[in-house]
Amino acid sequence: MGKSKARIFHKGINEQIPRISRKDAIKQVVNFLENNDIKNSINLVTMFGLSAEEVLEAGASYEAVYAIKNILNS
């Protein structure tokens, strides 16, 4: 293995992606929607396959959920 590939592997080991639970993802989506951060909320919704009902029960406003209705699972 070359030097570059070794550095890339070690960088990946040291810079781990944080783990997030489904419950934390729902809370984060609500937070993003409250702050009008649609892009990040859509990323989390599609990653976890969240439904509109889950996001509404977590406290998001109906208007915010309606804004991303095409992304949310039924």
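Our subject in this report is the structure included herewith. For clarity, every value in this text was computed on a predicted model and none was experimentally measured.

Some words on the packing of helix α2 (residues 22-34) against helix α3 (residues 38-48)
Stage number 1. In contact at an axis separation of 8 Å, α2 and α3 are set at 155° when each is read in the N-to-C sense. On the basis of the axis angle, α2 is roughly antiparallel to α3. Considering the relative orientation of α2 and α3, their crossing is left-handed. Within the contact between the two elements, α2 uses R22, A25, Q28, V29, F32 and L33 and α3 uses I38, N40, S41, L44, V45 and F48.
Stage number 2. Tallied by class, residues from the contact of α2 with α3 come to 8 nonpolar, 3 polar and 1 charged.

Some thoughts on the nonpolar core
Stage number 1. Formed by 14 residues in total, the largest nonpolar core has its most connected members in V29, L33, V45, L50, V55, A60 and L72.
Stage number 2. Mapped onto this core, the elements with two or more residues apiece are α2, α3 and α5 (62-67).
Stage number 3. Here the element with the most residues in this core is α2; it accounts for 5 residues.
Stage number 4. With near-sequence residues (within four places) excluded, A60 lies in contact with V30, L33, V55 and V65.

Concerning α2
Stage number 1. Helix length check: α2 (13 residues) gives 19 Å between terminal C-alpha atoms against 18 Å at 1.5 Å per residue, within 8%.
Stage number 2. Burial in α2 covers these residues: A25, I26, V29, V30, F32 and L33. Taken end-on, α2 shows its buried residues confined to a sector of 165°, consistent with a single buried face. When the buried face of α2 is taken as reference, the exposed residues oriented beyond 90 degrees from it are K23, K27 and E34.
Stage number 3. In this structure, the buried side of α2 is in contact with α3, α4 (52-57) and α5.
Stage number 4. Once α2 ends, the next one or two residues include N36, with phi positive near 55°.

About the cut-offs
- Residues numbered from 1 in each chain as written.
- Predicted model: local features only at pLDDT ≥ 70, side-chain atom pairs only at ≥ 80, totals over all residues.
- Heavy atoms only, no water.
- Axes fitted to C-alpha atoms, helices over the stretch in contact; angles between N-to-C directions.
- Helix = DSSP H or I, 4+ residues; strand = E, 2+ residues; numbered from the N terminus.
- Parallel < 35°, antiparallel > 145°, perpendicular 65-115°, else oblique.
- Left-handed = near helix turned anticlockwise from the far one by under 90°.
- Contact = heavy atoms within 4.5 Å.
- Nonpolar A, V, L, I, M, F, W, Y, C, P; charged D, E, K, R; others polar.
- Core = buried A, V, L, I, M, F, W, Y, C linked by side-chain atoms within 4.5 Å.
- Buried < 20%, exposed > 50% of the residue type's maximum accessible area, 1.4 Å probe, protein only.
- Expected span 1.5 Å × (residues − 1).
- Arc of directions from axis to C-beta.

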